[in-house]
Amino acid sequence: MHKVVISGTGVFTPEQSISNAELVEAFNTYATRQNEIHADGIAAGTREPMTMSNEDFIVRASGIERRHVLNKSGILDPDIMHPVLPERSDDELSVMAELAVKAAMLALAKAGRTASEVDAVICAASNHERAYPAIAIEVQQALGIEGFGFDMNVACSSATFGIQAAADMIRSGSARAILIVNPEICSAHLEWRDRDCHFIFGDVCTAVLLERDDLATAADRFEIVSTRCLTQFSNNIRNNNGFLRRTREGHMADRRDMLFRQEGRKVFKQVVPIVADLILTHLADENIAPAHLSRLWLHQANKGMNDLIGVKVLGREPQAGEQPNILQDYANTSSAGSIIAFSKYSDDLAPGSLGVICSFGAGYSVGSVIVRKV
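Residues numbered from 1 in each chain as written. Predicted model: local features only at pLDDT ≥ 70, side-chain atom pairs only at ≥ 80, totals over all residues. Heavy atoms only, no water.

### A look at the overall build of the protein chain
Note the threshold: Helix and strand assignments come from DSSP, with helices taken as H or I runs of at least 4 residues and strands as E runs of at least 2, each series counted from the N terminus. Just to be clear, the radius of gyration here is over C-alpha atoms, and the globule rule we use is 2.2 Å times residues to the power 0.38. The buried label goes to any residue with under 20% of its type's maximum accessible area, the exposed label to any with over 50%, and the partly exposed label to all in between, with areas taken from a 1.4 Å probe on protein chains only. We call two residues in contact when some of their heavy atoms are within 4.5 Å. Exposure was quantified through the Shrake-Rupley algorithm and a 1.4 Å probe, taking into account, for residues, occlusion by the shown protein chains and nothing else. Asp and Glu are treated as the negative residues and Lys and Arg as the positive ones, with His and the ends of the chain left uncounted. One atom stands in for each charge, and that atom is NZ of Lys, CZ of Arg, CG of Asp or CD of Glu.
If you tally the helices and strands in the protein chain, you get eleven helices and 13 strands. Over its C-alpha atoms the protein chain spans a radius of gyration of 21 Å, differing by no more than 12% from the 21 Å that the globule rule assigns to 374 residues. Counting only C-alpha atoms and orienting by the principal axes, one finds that the protein chain spans roughly 70 × 55 × 35 Å. Here the protein chain, with 374 residues, has 54% of them falling under the buried criterion. Looking at the protein chain alone, contacts between residues at least 24 apart form 77% of all its contacts between residues at least 6 apart. Only carbon and sulfur atoms are counted for the fraction: they give 49% of the accessible area of the protein chain, which is about 16600 Å². Taken together, the 36 basic and 46 acidic charged side chains of the protein chain have centroids lying 5 Å from each other.

### Side note on the packing of helix 1 (residues 20–37) against helix 3 (residues 55–62)
Keep this limit in mind: Helix axes are fitted to C-alpha atoms over the stretch in contact, other axes to C-alpha atoms as well, and angles between N-to-C directions run from 0 to 180 degrees. With respect to orientation, any angle under 35 degrees is reported as roughly parallel, any angle over 145 as roughly antiparallel, any angle of 65 to 115 as roughly perpendicular, and every other angle as oblique. Should the near helix be turned counterclockwise from the far one by less than a right angle, the crossing is left-handed, whereas a clockwise turn marks it as right-handed. Side-chain classes are defined by residue name, with Ala, Val, Leu, Ile, Met, Phe, Trp, Tyr, Cys and Pro counting as nonpolar, Asp, Glu, Lys and Arg as charged, and the others, Gly among them, as polar.
Put simply, helix 1 and helix 3 touch, their axes get as near as 9 Å, and they point 120° apart. In terms of their interaxial angle, helix 1 and helix 3 are classed as oblique. Crossing of helix 1 over helix 3 shows right-handed handedness. Along the contact surface, helix 1 presents N20, A21 and V24, while helix 3 presents E55, I58 and V59. Residue composition of the contact of helix 1 with helix 3, by class: four nonpolar, one polar and one charged.

### Focus: the sheet that holds strand 13 (residues 365–373)
Here is the rule: Here a strand pair is declared whenever DSSP counts at least two bridges between the two strands.
A sheet is described by the order of its strands in space; here nine strands give the open sequence 5-4-6-7-1-8-13-12-11, paired in mixed fashion. Looking at strand neighbours, the two that pair on one side only are strand 5 (148–152) and strand 11 (293–298), the edges of this open sheet. The sheet shows a mean angle of 25° between the axes of neighbouring strands, taken without regard to direction. Inspection of the sheet shows strand 4 (residues 120–124) paired to strand 5 by five bridges, in the parallel sense. Note that in strand 5 the partner of A124 across the bridge is M152. Of the strands in this sheet, strand 4, strand 5 and strand 6 (177–185) are in contact with helix 6 (residues 135–143), which crosses strand 5 at around 145°. Those strands touched by helix 7 (residues 158–172) are strand 1 (4–12), strand 4, strand 5, strand 6, strand 7 (203–212), strand 8 (222–231), strand 12 (354–361) and strand 13, and its axis lies near 120° from that of strand 8.

### Comments concerning a negative patch on the surface
We count it as follows: Like charges within 9 Å and nonpolar side chains (Val, Leu, Ile, Met, Phe, Trp, Tyr) within 5 Å are joined into patches, using only residues over 30% in relative accessible area that form no salt bridge. For this document, the term salt bridge refers to a Lys or Arg side-chain nitrogen within 4 Å of an Asp or Glu carboxyl oxygen.
A cluster of like negative charges, contributed by E87, D90, D91 and E92, occupies part of the molecular surface. Summarising the element assignment, E92 is placed in the loop between helix 4 (73–76) and helix 5 (95–111). Judged by its relative accessible area of 41%, E92 is partly exposed.

### Section: the pairing of strand 12
Buried residues dominate strand 12, accounting for eight of its eight residues. Burial of strand 12 is two-sided: the residues L354, V356, C358 and F360 facing one way and the residues G355, I357, S359 and G361 facing the other way are all buried. The pairing of strand 11 with strand 12 spans five bridges and is parallel. What sits directly across from W297, in strand 12, is I357. Pairing analysis gives eight bridges linking strand 12 to strand 13, with the strands arranged antiparallel. Residue pairing for strand 13: S359 is matched across the bridge by G367.

### Let's talk about the UniProt feature "domain: Beta-ketoacyl-[acyl-carrier-protein] synthase III N-terminal" (unreviewed entry) in the protein chain
Filter applied, for reference: UniProt positions are given in the numbering used here, feature names are shortened, and annotations may be inferred rather than shown by experiment.
The UniProt record marks residues 150–214 with the feature "domain: Beta-ketoacyl-[acyl-carrier-protein] synthase III N-terminal" (unreviewed entry), using the residue numbering of this structure. The span residues 150–214 carries 23% helix and 34% strand; its end-to-end C-alpha distance comes to 26 Å.

Following this line, the structure appears as structure tokens:
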């Protein structure tokens, strides 16, 4: 069995960003218009008025201050309230593949590798812009990789589950190096007209290169000590959009359940103990005490959740730098969040340092990856 390392990571960040102030202004304009349109129903008590949003509410609820997006103008237009992305022909590189290629090139450069030295591509993301052909195969062709590729979706845990799948293949000898890409265009499945969630998501793409340690040349790399995945079915985070939509009467209409929706309080209460227990059990099975961890790179969905998980895992309040957050600048980027944190806050660790990359989200799903700085 071969030892597996993370030899390179890459983060592609869209140029456009939206501040909380901009988002609140657009939402409140939309909400005011809706209240005016339905003024009679509101006065009669047959319809609830839309509640205005505000910056303090967003920061208190999530810790998010801004987010990057592929298209800002459509989201902030009260008449549109979603990103507007031009249609591409089948002969053009798809949007997801374009983002993936950009992030992949960064990861390859950091690892000191060329695409010709990679055997496979896994596109692991919470949504895919088409059913087939696989985005991963399109990325494979765009990069000039000989081998294979496939897509996978485990919502916010897609990246860590992708790492486990790639690590298992490399350990067993079926591949030498595998590229995992996570193009997350979360702005396209968010309901920007819903006050409870209109601030949650942003867009980004991350990439991770895994390879055999004995073949790796990168000076800074992390051994994958162990991986663990867990799923437990829940409807508390759900999106009903799918290929059977047109077979059901009324489902092609503008329906709230065809975009991201969640029972936020239930998710917080149920997911935090599941995540903490998985990390602690995973560490115990590897004979690693939490006190020996130098860093936790957690899923970037909610600062409150991360703070509580950190306390449960470490048995104390995490010190500055032990549990880096990036969601204040990126918002929730689904499966990419923990990888952004790892990519930005791992180079400073000393050889031998231990850490955990952990994602969690819809499914429910939780992925834990224990790494050691080589």
